[in-house]
Amino acid sequence: KVPKLDNKKGKKIFPKEKEKGASLNNQSINKKITNKTDLNYESLILKFNRIQKNIKSYKYVLTKKPNNTHFNDLLKKAKKNLSEIKTQIKNHSFFICLECKRIFKSKEELANHTKFKHSISDWNLSTKYKYQEPALHGCYILDLHGFYLEDAKLEVVLYLTNFEMTGFKGLILIHGYKHGQTLKNYFRSETFIREMRDAGFEIDLINTNNPGSIGVILKN
Ligand SMILES: [Zn+2]
């Protein structure tokens with residue numbers, strides 16, 4: 001979201017986000033607050049999501065004005081706060097929205113969120129029109145253009161971790177090849193298969209007949 005600057009009063013106004021799933025989410029949140037620990041954890045999650053949203057806004061402003069000290073300061077503080085909260089919630093289980101990186105306490109809350117916020121059920125899924133190989137139908141198409149290798153690996157692990165929840169059959173990784181071979185070489189290698197096995201995932205690689213992408217299917 002783009003923060004609006006009201007120059008006359010010098011106030012920053014962040015527009016409130018309209019969220020279709022809000023009432024549903026609030027209901028389920030209210031039901032689950034049963035004791036103090038829960039309440040504390042709940043507020044940490046809300047804080048985490050709010051800060052992450054702010055960081056997005058700051059980064060957006062900084063793409064236009066990279067040297068703005070005010071927003072650079074805000075970004076620095078927000079990142080520090082975020083990492084503090086991360087250490088506080090790391091012992092709880094939570095679920096990450098793959099689209100916007102918001103976190104949720106339960107699968108149900110995440111499912112509500114993705115359904116209302118992103119309509120993820122029919123988003124970015126491969127079809128027989130795009131890929132001939134039947135094993136590649138119903139896979140989630142993950143675009144890794146512009147990722148550094150380490151970030152791309154994390155992204156793939158994040159998606160594999162959430163497979164049970166999303167119901168995707170697998171991933172089609174768009175790694176490209178025109179702007180460098182690092183991603184292509186890694187995601188088509190035995191090293192990738194081995195590292196995913198070390199991370200707890202048995203995968204098969206499936207040729208997409210396209211030099212810029214590779215299919216990744218979880219073995220049962
Ligand atoms: Zn989301």
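Residues numbered from 1 in each chain as written. Predicted model: local features only at pLDDT ≥ 70, side-chain atom pairs only at ≥ 80, totals over all residues. Heavy atoms only, no water.

- With an unreviewed UniProt entry as reference, the chain is termed C2H2-type domain-containing protein, source organism marine sediment metagenome.

## A look at the sheet that holds strand β7 (residues 203-207)
Here comes step 1: With mixed pairing, four strands are arranged side by side in an open sheet as β5-β6-β8-β7. Because the sheet does not close on itself, it has two edges, and the strands there are β5 (140-143) and β7. The average angle at which neighbouring strand axes cross in this sheet is 25°, direction not considered.
Here comes step 2: In the sheet, β7 pairs with strand β8 (residues 213-218) via five bridges, with the strands oriented antiparallel. Note that in β8 the partner of Asp204 across the bridge is Ile217.
Here comes step 3: Sitting on the sheet, helix α8 (residues 190-198) touches β6 (170-174), β7 and β8, and the angle it makes with β7 is about 150°. (Pairing = 2+ DSSP bridges. Helix = DSSP H or I, 4+ residues; strand = E, 2+ residues; numbered from the N terminus. Axes fitted to C-alpha atoms, helices over the stretch in contact; angles between N-to-C directions. Contact = heavy atoms within 4.5 Å.)

## With respect to the layout of surface pockets
Here comes step 1: Considering only enclosed or pocket space, the second largest pocket measures out at about 380 Å³ in volume.
Here comes step 2: The set of elements that each furnish at least two residues to the lining of the second largest pocket consists of α2 (36-64) and α3 (69-89).
Here comes step 3: Across the lining of the second largest pocket, the residue classes tally to seven nonpolar, one polar and five charged. (1 Å grid on protein atoms, 1.4 Å probe; cavity = no way out; pocket = protein on both sides within 12 Å on 5 of 7 lines; lining within 4 Å. Points joined across faces, edges and corners; volume = space filled by probe spheres on them. Nonpolar A, V, L, I, M, F, W, Y, C, P; charged D, E, K, R; others polar.)

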